[in-house]
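Spelled out from the first residue to the last, the chains are:
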Amino acid sequence: MHINDAIQFAFHALQGYRSRTYLMLLAMAIGVASVVLLTSLGEGARLYVTQQFSSLGTNLLIVLPGRSETTGGMPPVMGETPRDLTLQDVQALQRSRYVKQLAPIVVGAAPVSYQQLEREVMIMGSTASLFSVRQLILSRGQFLPEQEITRAAPVCVLGYTLNKELFGSLSSLGKWVRVSEYRCRVIGVLEEEGVSLGMDMGEVLIMPAASAQALFNINSVFRVLVETRSQDEMEKARQDVIEIISARHDGEDDITVLSQDALLSTFDRILTALTYSLGGIAAISLLVAGIMIMNVMLVAAAQRTAEIGLLKALGAPRKQIIILFLTESACLSLLGAMLGLIFGLVGNWVLQGYFPDFPFQAPDWALWAAVGVALSTGIIFGLLPARHAANLDPVLALSGR
Amino acid sequence: MIKLEHVARTFKVGGELVHGLDDVSLDIKAGDYISIMGPSGSGKSTLLNAIGLLDKLDEGRYLLDGSDVTELSELEQARVRREKIGFVFQTFHLIPRLTAAENVALPLTLAGVDHDEREQRVNEALESLSLSNRGHHRPDQLSGGQRQRVAIARAVVTKPVVLLADEPTGNLDHASGIEVINILEDLNQRGITLLLVTHDIELGERAHRIIHMMDGKVLS
Ligand SMILES: Nc1ncnc2c1ncn2[C@@H]1O[C@H](COP(=O)(O)OP(=O)(O)OP(=O)(O)O)[C@@H](O)[C@H]1O
Ligand SMILES: [Mg+2]
C-alpha cells in the first residue's frame with residue numbers, strides 16, 4: 001500500500017467521525033499551544049533580563065565590601081565585619097591601568113523638600129562618571145560636575161518623577177531643595193527611565209558621593225561600579241582591583257568583585273532552567289492528549305470491527321492494519337500539533353500586543369520538541385489500539401459476534 | 001482446485017465442544033458452481049471461512065491450487081486471500097464513508113496497485129456490473145441490490161479464482177436477489193469458481209452441484 005493511500009484512508013476515517021476528530025485535535029492543539037506559550041514566557045523572561053543587564057553598560061565590575069566564598073554569589077550575610085570601602089580606596093582604584101572609569105555609590109534615604117512639599121527619597125551619592133557608567137540620560141541641565149572624588153558640593157540631580165512631584169510643571173534648574181538639614185541646588189533632571197536593576201532611577205536624588213557621606217554621617221561607600229578598558233581585560237581588572245584593595249586593607253582580601261557576565265550567566269542559567277521546566281509542565285498536557293488519542297483509537301477499533309474484518313478478508317495482513325491505524329493517530333497528532341503551533345504563535349502575538357516591553361518568543365527547540373512530542377505520543381499511544389485492531393479475529397469481526 | 005481432506009473445526013462454547021466442521025472432505029474443480037445448503041448452525045459459514053482462509057483449521061489439510069495452505073503464516077495467508085479469493089457478504093460490508101468507486105478500489109489500494117491502473121480496473125469492474133454512473137455515490141445513496149453489486153465488483157476487481165458468497169441475497173428482496181444470482185452465475189460462466197451459501201432452495205438448485213450440511217458434516 002502506498003503511503004499517500006494510507007494517509008488518504010486515514011483522513012477519510014477521521015472525516016467519518018468528525019466531532020471526535022475535532023475534540024482530539026483540540027486536545028493536542030491545547031497541549032502544543034501551552035508548550036509554546038509557557039516556553040515563550042520563560043524565554044521572554046530570559047531575554048528581558050539580558051536586555052536589562054546590557055542597559056547597565058558593558059565591561060562592568062561591581063565591587064562591594066565583604067568577602068564571598070563563591071564568586072558570583074551574594075556577599076556574606078554574617079561573619080566578621082568587613083572593612084569598609086572608602087572614597088580613598090576608590091581613588092586608589094582609579095589609578096589601575098585596567099580601569100577606564102569608575103563610580104562609587106553611596107545610598108541612603110532622606111526627606112527632601114521644596115517649599116511645602118516633602119518626600120522621603122532615595123539618595124544616591126556618586127561622581128560625574130556615574131553618568132556614563134550607568135548610561136544615564138538627562139532631560140535638562142547637567143550632571144554632577146567633574147571634580148575630586150572626595151570633594152563635596154551642594155548640587156544635585158533629580159530623577160524624572162521626583163522632579164515632577166516637587167516642582168510640577170515649574171522649572172527646577174537653579175532652585176534650592178532641602179535634603180534633611182542640608183541644602184543643594186538642582187543642576188539637572190534625568191530623562192524618564194524605567195526601573196534598572198531594581199533601582200527606580202525616576203525617584204532618586206543624586207549628589208556628590210562626599211556630600212552624601214556627610215549627609216548620612218558615614219565614611220563608607222555602598223559599592224563601586226568599575227568600567228574596564230576592554231572586555232578581554234575583565235579578569236585582569238578583577239585581579240587588579242582585589243590586589244589594590246587588599247594592599248590598602250593590610251593584605252586582607254575583604255571585597256567581592258562581581259562581573260556583569262557572572263551575574264548575567266547566573267540569571268541566564270536560572271531562567272533557562274525555568275523555561276525547560278515550564279516546557280516540561282506543558283508537555284504533561286501533551287501526554288494527556290496522547291492518552292485521549294489512545295482512548296479514541298480504542299473506541300474507533302471497537303466501532304470499526306467489521307471494517308477491520310473486511311480489510312483482513314480483502315487480504316490486509318496484521319502489519320498493514322497496524323500501519324493504517326498508526327497513520328490515523330499520527331495524522332491526528334500532527335494536525336493537532338500544527339493547529340497548536342498556530343494557536344501558540346497567535347497567542348504570543350496577542351500577548352506581545354498587551355506587553356510590548358516583554359519579548360514573547362518561543363525558543364526554536366520548544367517548537368520542534370512540541371511537534372516531536374505530539375507526534376511521538378500519537379504514535380506510541382496509537383500503538384496499543386492498532387495492535388488491538390490487528391489482532392481481531394476476522395470471522396468474529398465480520399459476523400459482528 | 002479446492003481440496004479439503006478430513007477437515008475439522010471445533011468451537012468451545014462454555015464448557016461444551018461445538019463441531020463447526022466435522023471430518024469434512026471436499027473436492028472442488030476450477031470453474032465449479034456449488035451451492036451449500038443446510039439448516040442454521042450446520043456449519044455453512046464455517047466451511048466458507050475455512051476455504052477463504054479467514055479461519056484456521058483444527059484438523060485436516062487444505063490444498064488450494066495444488067499447494068498446501070494449511071500451515072501458511074499469517075502474512076502468506078493474507079497474500080493468498082488477496083490474490084485468489086473474493087468474498088461477498090450478506091450485509092455487503094461496504095465502508096460507509098467511502099464512495100462506491102473507492103470501496104471497489106480498496107483491495108487494489110491495500111495491495112499497492114498504482115493509481116492509474118487502479119482507476120482503470122475499478123472502472124472496468126463498475127461497468128461490468130452496470131454501475132458506471134454510481135461510482136461517486138456513497139453506500140447510503142444506493143439501493144440494497146446496488147450495494148451488493150458494488151460489493152461484487154470489489155470482490156472481482158482483483159480477478160480472484162474463487163468467489164465465496166455467504167447468503168448474498170439474504171438482505172435483498174426477491175427481484176434484487178435474482179439479479180445478484182444472475183450476476184454471480186455470469187461471472188462463473190466466465191471462469192470463476194463460485195461457492196454460494198443460501199437458504200433459498202429455488203436459488204440453490206440452480207447450481208451445478210449442491211452440498212448439504214448438517215451438524216458440521218457434509219451429507220452429499
Ligand atoms: N466463533 C464461534 N464461536 C463459537 N461457536 C461458533 C463460532 N462460529 C461458529 N460457531 C458455531 O458453529 C456452528 C456452525 O456455525 P455457522 O456459522 O457455520 O452456521 P451456519 O450454517 O452458517 O448458520 P446460519 O445459516 O445461521 O448462518 C454453530 O453451532 C455455531 O454456533
Ligand atoms: Mg452462516
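Owing to the predicted nature of the structure, the values given are computational and were not obtained by experimental measurement. (Residues numbered from 1 in each chain as written. Chains lettered and ligands numbered in written order. Predicted model: local features only at pLDDT ≥ 70, side-chain atom pairs only at ≥ 80, totals over all residues. Heavy atoms only, no water.)

K.L.:
Tell me about the overall build of chain A, and please be specific about residues and values.
P.N.:
When you go through chain A residue by residue, the secondary structure sums to 12 helices and 12 strands. Whereas a compact globule of 401 residues would reach a radius of gyration of roughly 21 Å, chain A reaches 33 Å, over 25% beyond that. A principal-axis box enclosing the C-alpha atoms of chain A has dimensions of 100 × 55 × 35 Å. Sorting the 401 residues of chain A into buried and exposed places 50% on the buried side. For chain A, the share of sequence-separated contacts (at least 6 apart) that also reach a separation of at least 24 residues comes to 80%. Summed over all atoms, the accessible surface of chain A reaches about 19,100 Å², with 59% contributed by carbon and sulfur. (Helix = DSSP H or I, 4+ residues; strand = E, 2+ residues; numbered from the N terminus. Rg over C-alpha atoms; globule rule 2.2 N^0.38 Å. Buried < 20%, exposed > 50% of the residue type's maximum accessible area, 1.4 Å probe, protein only. Contact = heavy atoms within 4.5 Å. Areas by Shrake-Rupley, 256 points an atom, 1.4 Å probe, with all protein chains shown as cover.)

K.L.:
Break down the sheet that holds strand β2 (residues 16-28) of chain B for me, citing the residues and quoting the values.
P.N.:
Residue and element names in this part refer to chain B. Spatial strand order, β2-β1-β4-β5: 4 strands in an open sheet with antiparallel pairing. Both outer strands of the open sheet, β2 and β5 (67-68), are each paired with one neighbouring strand and no more. Bridge analysis of strand β1 (residues 2-13) against strand β4 (residues 59-64) gives 5 bridges, and the strand direction is antiparallel. If you follow leucine 4 over to β4, its bridge partner there is tyrosine 62. Helix-sheet contacts for helix α1 (residues 44-51) involve β1, β2 and β4, and the interaxial angle to β2 is about 60°. (Pairing = 2+ DSSP bridges. Axes fitted to C-alpha atoms, helices over the stretch in contact; angles between N-to-C directions.)

K.L.:
Run through α1(B), naming residues and quoting values.
P.N.:
Residues separated by three or four positions in an α-helix point in the same direction, a consequence of the helix having 3.6 residues per turn. Residue and element names in this part refer to chain B. With respect to burial, α1 is a largely interior element, 7 of its 8 residues being buried. Those residues of α1 that fall on the buried side of the exposure criterion are Lys44, Thr46, Leu47, Leu48, Asn49, Ala50 and Ile51. Leucine 53 occupies a position one or two residues after α1 and carries a positive phi of about 60°.

K.L.:
Requested: an account of the nonpolar core, with residues and values cited.
P.N.:
Counting 76 residues, the largest nonpolar core has Ile36(B), Leu47(B) and Tyr62(B) as its most contacted members. Looking at this core, the element that brings in the most residues is helix α10 (residues 318-354) of chain A, giving 9 residues. Ignoring anything within four residues of it in the chain, the contact list for Leu47(B) reads Leu4(B), Leu21(B), Val24(B), Leu26(B), Ile36(B) and Met213(B). In this structure, Phe167(A), Val179(A), Leu215(A) and Val221(A) belong to the second largest nonpolar core, which totals 43 residues. (Core = buried A, V, L, I, M, F, W, Y, C linked by side-chain atoms within 4.5 Å.)

K.L.:
Go over the interface of chain A and chain B with me, naming the residues and quoting the values.
P.N.:
With 26 residues of chain A at the interface, the matching set in chain B holds 25 residues. Together chain A and chain B conceal approximately 2,200 Å² of surface at their shared face, both sides included; 63% is due to carbon and sulfur atoms. On the surface where chain A and chain B come into contact, there are 2 salt bridges. At the boundary of chain A with chain B, the tally comes to 10 residue pairs in polar contact (both at pLDDT 80 or more). Going through the elements one at a time, α1 (3-16), α9 (305-313), α10 and α12 (394-399) of chain A are the ones with two or more residues in the side of chain A that touches chain B. Looking at the side of chain A that touches chain B, its residues break down into 15 nonpolar, 5 polar and 6 charged. (Buried area = accessible area lost by both parts, 1.4 Å probe. Salt bridge = Lys/Arg side-chain N within 4 Å of Asp/Glu carboxyl O. Polar contact = N/O pair within 3.5 Å; in protein donor to acceptor, adjacent residues only side chain to side chain. Nonpolar A, V, L, I, M, F, W, Y, C, P; charged D, E, K, R; others polar.)

K.L.:
Can you lay out the site of ligand 1 for me, pointing to particular residues and giving the numbers?
P.N.:
Taken together, 16 residues surround ligand 1, and among them Ser40(B), Gly41(B), Lys44(B), Ser45(B) and Thr46(B) come closest. Residues close to ligand 1 are split across chains A and B. At 2.8 Å, a backbone N or O of Gly41(B) approaches an oxygen atom of ligand 1. At 2.6 Å from an oxygen atom of ligand 1 is found a side-chain nitrogen or oxygen belonging to Thr46(B). For the shell around ligand 1, the elements supplying multiple residues, two or more each, are β1, β2 and α1 of chain B. Considering each element in turn, the shell around ligand 1 owes the most residues, 3 residues, to α1(B). (Near = heavy atom within 4 Å.)

K.L.:
Before we move on, can you summarise the environment of Gly372(A) with the specific residues and values?
P.N.:
All names here are of chain A. Within the secondary structure layout, glycine 372 lies in helix α11 (residues 364-390). The partly exposed category is assigned to glycine 372, whose relative accessible area is 35%. Linking glycine 372 and valine 32, residues 340 residues apart in sequence, is a C-alpha distance of 10.0 Å.

K.L.:
Kindly report on the packing of helix α3 (residues 100-110) of chain B against helix α4 (residues 115-128) of chain B, identifying the contributing residues and their values.
P.N.:
Residue and element names in this part refer to chain B. At a closest axis distance of 9 Å, the pairing of α3 and α4 adopts a crossing angle of 130°. One finds that α3 runs oblique with respect to α4. The handedness of the crossing between α3 and α4 is right-handed. Contact residues: α3 offers Ala101, Val104, Ala105, Leu108 and Thr109, while α4 offers Arg118, Arg121, Val122, Ala125 and Leu126. (Parallel < 35°, antiparallel > 145°, perpendicular 65-115°, else oblique. Left-handed = near helix turned anticlockwise from the far one by under 90°.)

K.L.:
I'd like to hear about unusual backbone geometry, residue by residue, with values.
P.N.:
A positive phi is found at Phe92(B), a non-glycine position, where the angle reads about 65°. Here Phe92(B) lies in the loop between β6 (85-88) and α3.

Nothing here speaks to function; it is all geometry.
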